[in-house]
Amino acid sequence: MSDRRRVNGPSGGTHTPIFSKYLAKDVKELNRPTRVRAPNVLRKMFLKTGVTPSASGSAYLEMEPPRTRNAIGPGLASLSTSGLKLTCTVHGPRPLPKNAPFSPHIILTTHVKYAPFATRKRRGYIRDSSERDLGVHLETALRGVIIGDRWPKSGVEVIITILEGEEDQWWGDDRGRGSISAGEWGMMSVLSGCITVASAAIADAGIDCVDVISGGVSAVVRGSEISDRLSPGMLVLDPVPSEHEEIVSACIVAYLPGRDEITDIWVKGDIGYGSQSSEDNPSYEELTDNAVQAALGSHRVLVGALKETAALKLAR
Amino acid sequence: MSRHRLVKNLDLDNELDDFEGGKDYDDTEEEISEADKEHLRAGTLEVKEMLGDAANQVSEKEIQDSLWHYYYDIEKTVNYLLGVAERRNKVEQKKKKTGCLSGSETALSFAKFSGDSTLFNIPVERQSILVAPMTPTERPQSGPLEEKPKMSKLQVLAASRKKKAQEQKAGSMELISKDVKGLTINGKEDAVRKQIPERQDVSMEPNTAKQPARGFPFRKRKDSNPHEKSPKAPSPRPKKPEAQEDMPMEVPVVMKAEPSAFANTMFSSTACLTDTASLFTMLYVAKPTNTADPFSGPSPDDIVIAAQSKASSNKGGKGPPKTNGEKKADQIANGIEAMKLDNTPRATSKNLEVLKEYEKAEKKNEANFVVIGHVDAGKSTMMGRLLYDLDVVDQRTIDRYRKDAEKMGKSSFALAWVLDQGTEERSRGVTIDIAMNKFATSKTKFIILDAPGHKDFVPNMIAGAAQADFAVLVIDASTGSFESGLQGQTKEHALLVRSMGVQRIIVAVNKLDTINWSQDRFDEISQQTSAFLLSANFQKKNITFIPCSGLQGDNIVRKSTEAVFTSWYTGPTLVEELDNSEPVLRALEKPLRMTIADIFRGGVQNPLSVSGRLDAGSLQTGDALLAQPSGEKCYIKSIDLDEQPVPWAVAGQHITLHLADIDPIHLKIGDVLSSPASPIKNAESFTAKILAFGFLMPMKVDVHRGRVHVPGRVKRLVGTLDKTTGDLVKGKKPRVVKPGMVARVVVDLDAQVPLESGMRVVLRDEGETVGSGVVE
């Protein structure tokens, strides 16, 4: 009888090994990425629609990888941080299955899935809670923008695959802390990207919307320039978690510029505990407003990309 | 960062053009001509030399402004500037004393945001943009106090020169680096304003800041300096310009990035791929370049399927030549059919030459015989005895039957139960449907078709007789029974089997034990039967008489041990006589015909199976068949002979076919399977040579052909035929055909029945056989 046993891999994700010779060094020697952009400057964004021919609408979004100042340090590919890469496909509007109950408006379903290789810690093939969380947020954000009444008895599926995600922290900070999550700050920029790319894909699918929606993130970060005392907090737009020593709080909004509406907002971390906002303790409103600014920035790219596609389509 | 600026500068001309008209935005610098600039530069250097130490107190900008003001008069400029420097010194000392608005600490943190400018050191050109000069009175508030008079003077000057400078505007765009910097921000601001035009009006007005928030433009303005002020605390006025210095913060500039290498591979055109393909020479390929689209042509499989379907359609081609449209439709249909076939892999034909195989494989003769006779003549019992004695049925089964039969009070029926399997048959003690069984002797394989003797079941007997090569006529020898039989089904059956084409008949004179093995009785029966059979067109050499006893088994398989019997009979036993029958000639070469005797589900693997006797021709696994009258095509998945799978079968064999690609609704018992190449035709009317059993006239009849029987009517009596020559008897048309006469009749059918010439039909009316004959 043949041996039917399998050697199964570990059930959870695994880390890429980091060898001790790097760890032995001082962390500062290692090439800790730092933010070279001004606090108010967003990462460059590449957005393209119509990338999946089989889908009714699709889009691809990538953020430029953070640039490191000095390129010495371990040249491991697994340590290099790269930008966010998302693909989104929109299927529909299509009729609901026969057994589905009547619905007077379109039924929106969103799936957000990390590719197993999207982050340094490998992701499973089954959607985990964070992915479901992202899906729910995305659905909330998109529901406010789609004019659902125009498609009764139909459904639309928005499927986002995260090809490259955002790390929750710099890998060098990861050591010793074990599996304690660093607050999943990466999710915020991922969600912002998801909203923008889904908006582009929905527009590509030709689904009626009140406006194009875009996502924006702002965060209060704390650096480590002053080692003795706590460095002051700083408000930045479009934070890359690996570039900052500590993220105090972050906010992501899904924003409709044309209507000045926010369809989804998600704030995490310590924010607004002081009665008077100060330089290193911005208020909740300020954080949100800055997130809106970031959303406006990505909105511009989004509009540009859509115009490009429109021009292509009209020229044809 | 510089790259961003450069890109922004590209559309600077347009932006500025748009704005030149606006009074609010007349910037003095923009009107300076190339020549003036040269003057200014030279003048500035001179003034700086002359000022010496005091040059630190005044900015280059101030020097230039004053030079402009005094129209390049260097002495006057120097005097003025010295005065300015003195005044400024005083102001600064005063400030330090009072400590009002030191701003140094805030400047520290602000350095992060606006690296190149600190508090109160903001370049003038930046400030001027951020102040919305809706009304001229607003303007002085925005800038530092010292600059106010100069600015207005310059403005006046500029206004006077405006028209003159109109032509030089384009040239004046190439400004000194400082100016470019300022203009860049201008440009940026322009872009913002263009994007959301109404925002400018609202947000630029300092007073409106107190109005309630209305839309995002206002909010945008509000958060422009998030680190400096909270919404609750009104911001102090001097901080305002500082806030505006953070202008880029408001509208983060997001440039569209170039696609990464990954994105390039994913979304760029495939042009580069084809290039690389041409770089490499392909080994083992005659043509070095690939065709652009390997799937453009039909695949090899498609070609084969197309050829096959074409060939088969040619073979079965019938009817008038098709028009173009029909051909096209046919092609499509063929294509669809081919695709459908592809889905369910069917058994492929081995393309055997079945007849050669048959000749090679032939070891034993095969014969089917039907057992006929009057009801209760002992047909089933005799066959049961035969099977029991040949060990086809084991002792235990017979014992069980005996016990069960005794329970029912019919102990003599035990042997008949070997063939009569149905509960109704057993309880009533009569055979109802054809029962089939097989046995083999040393020479021949036999198939018994046990026909019902009861007159109600003659149609079933016809079905059995249609499959038989020869017949065994069982006659009850007991007193009275023979006579009634000769009037009853003995006669009818004999005539029927003869008209069904059976030539050889073995007459088994049964139940001799009941008449004490009387030779006289046997001879009497033989004589009478022989006379009748001869009259029914059986040839004398084809008639054999065997005396026997089915119940006791004498002279069936074993020789009788009865002394009385053996004294006068030395002939062969029934089985020996069966064995003597010559192998019948099969219609092997004729087109395939098979009448379906039974349709059943042959298991999970074979959802549709049919059984029956192969009337003519041969077939093999994978052959296509045409089922008539439905006209459906099907394929042979496999063939079973004696419950053993065989690759082929020939006429005369009782086989089970497992079919594929056909729905069971298209098949029913009595349907004919034929080869698509020479299909059997469906007929609604036929002409037949009929031997009348009763009076035959134009009337309603049941037409029996094998298993199938359909209602119809005799439409026309064409004429009577001479029995011996078969010629049409001259004379007037007969109105009625008397029993025993042969006539040619035309019969119409109510339904389509597969019929062809040479087929045997039986006409019956109200349970009586009125005639039988051959289709012409």
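Residues numbered from 1 in each chain as written. Chains lettered and ligands numbered in written order. Predicted model: local features only at pLDDT ≥ 70, side-chain atom pairs only at ≥ 80, totals over all residues. Heavy atoms only, no water.

Going by the annotation in an unreviewed UniProt entry, the name recorded for chain B is Elongation factor 1 alpha-like protein, with Calycina marina given as the source organism. Under the UniProt heading Catalytic activity (unreviewed entry), the note attached to chain B is "GTP + H2O = GDP + phosphate + H(+)". Under the Sequence similarities (unreviewed entry) heading, UniProt states for chain B: "Belongs to the TRAFAC class translation factor GTPase superfamily. Classic translation factor GTPase family. EF-Tu/EF-1A subfamily." (UniProt positions renumbered as here; feature names shortened; annotations may be inferred.)

The name given to chain A in an unreviewed UniProt entry is 3' exoribonuclease family, domain 1-domain-containing protein, and the organism recorded there is Calycina marina.

A. Region of interest: the overall build of chain A. Each helix and strand counted, chain A has 4 helices and 9 strands in total. From first element to last, N terminus to C terminus, chain A shows the α and β order α-β-β-β-β-α-β-α-β-β-β-β-α. Counting the 316 residues in chain A, one finds 53% classified as buried. Within chain A, residue pairs in contact and separated by at least 24 positions form 73% of the contacts whose partners lie at least 6 positions apart. Looking at chain A as shown, the accessible area adds up to about 14900 Å², and 53% of this sits on carbon and sulfur atoms. (Helix = DSSP H or I, 4+ residues; strand = E, 2+ residues; numbered from the N terminus. Buried < 20%, exposed > 50% of the residue type's maximum accessible area, 1.4 Å probe, protein only. Contact = heavy atoms within 4.5 Å. Areas by Shrake-Rupley, 256 points an atom, 1.4 Å probe, with all protein chains shown as cover.)

B. Representation of the nonpolar core. Judged by nonpolar contacts, the single largest core of 74 residues is most densely connected at B:Phe369, B:Ile372, B:Met383, B:Val497, B:Leu533, B:Leu574 and B:Leu578. At 6 residues, the largest contribution of residues to this core is made by strand E4 (residues 470–476) of chain B. When near neighbours in sequence (up to four residues on either side) are disregarded, B:Leu578 contacts B:Phe369, B:Leu386, B:Phe439, B:Phe446, B:Phe470, B:Val472 and B:Ile506. Residues A:Val112, A:Leu191, A:Ile213 and A:Leu302 belong to the second largest nonpolar core, which totals 55 residues. (Core = buried A, V, L, I, M, F, W, Y, C linked by side-chain atoms within 4.5 Å.)

C. Summary view of the sheet that holds strand E21 (residues 760–765) of chain B. All names here are of chain B. Judged by pairing direction, the barrel is antiparallel, and its 6 strands sit side by side in the order E17-E20-E19-E18-E21-E22 before closing back on the first. For this sheet, the mean angle separating the axes of adjacent strands, direction not counted, is 40°. Relative to E21, strand E18 (residues 700–705) runs antiparallel, the two being bridged by 3 bridges. Looking at E21, one finds that Asp-702 is bridged to Arg-764. Sheet contacts for helix H23 (residues 458–465): E18, E21 and strand E22 (768–775); angle to E21, the most-contacted strand, approximately 175°. Helix-sheet contacts for helix H25 (residues 489–499) involve E21 and E22, and the interaxial angle to E22 is about 15°. (Pairing = 2+ DSSP bridges. Axes fitted to C-alpha atoms, helices over the stretch in contact; angles between N-to-C directions.)

D. Main features of the pattern of salt bridges. For the structure shown, the criterion picks out 25 salt bridges over all chains. One salt bridge connects B:Asp554 with B:Arg558, and the closest N-O pair in it is separated by 3.5 Å. The buried category is assigned to B:Asp554, whose relative accessible area is 2%. Looking at B:Arg558, the relative accessible area reads 35%, which means it is partly exposed. Here the salt bridges share partners, and the residues they tie into one network are A:Arg37, A:Arg43, A:Glu166, A:Asp238 and A:Glu243. (Salt bridge = Lys/Arg side-chain N within 4 Å of Asp/Glu carboxyl O.)

E. View of the pairing of E4(B). All names here are of chain B. Across the 7 residues of E4, 7 count as buried, placing the element largely inside the fold. Burial of the side chains of E4 extends over both faces: Phe-470, Val-472, Val-474 and Asp-476 are buried on one face and Ala-471, Leu-473 and Ile-475 on the other. Of the pairings in the sheet, the one linking strand E1 (residues 365–373) to E4 comprises 5 bridges and is parallel in character. The residue of E4 that forms the bridge with Val-370 is Ala-471. Here E4 runs beside strand E5 (residues 504–510); their pairing, made up of 7 bridges, is parallel. Following the sheet pairing, Ile-475 is matched in E5 by Val-509.

F. Structural view of the packing of aromatic side chains. Residues and elements named next belong to chain B. Taken as a whole and assessed by the stated rule, the structure comprises 11 aromatic pairs over all chains. Note on Phe-369 and Phe-470: the rings are 5.4 Å apart at their centroids and 20° apart in plane angle, and the pair reads as stacked. Taken together, the residues span a long stretch of sequence, with Phe-369 in strand E1 and Phe-470 in strand E4 at a distance of 101 residues. Of the two residues examined, Phe-369 and Phe-470, each falls in the buried class. On the numbers, 5.2 Å between centres and 25° between planes, the contact of Phe-439 with Phe-446 is stacked. On the basis of relative accessibility, which here comes to 1%, the residue Phe-446 falls in the buried class. (Phe/Tyr/Trp six-rings, centres within 6.5 Å; stacked < 30°, edge-to-face > 60°.)

G. Representation of unusual backbone geometry in the model. Each neighbour pair has its own omega, and for A:Gly92 with A:Pro93 the value is 0°, a cis peptide bond. Its location among the elements puts A:Pro93 in strand E3 (residues 85–95). Located in the positive-phi region is A:Asp238, a residue other than glycine, with phi close to 50°. Looking at the secondary structure, you find A:Asp238 in the loop between strand E7 (233–237) and strand E8 (246–256). One non-glycine residue, B:Asp391, adopts positive backbone phi at about 65°. As for its position among the elements, B:Asp391 is in the loop between helix H20 (379–389) and helix H21 (395–407). Overall, the relative accessible area of 65% leaves B:Asp391 in the exposed class.

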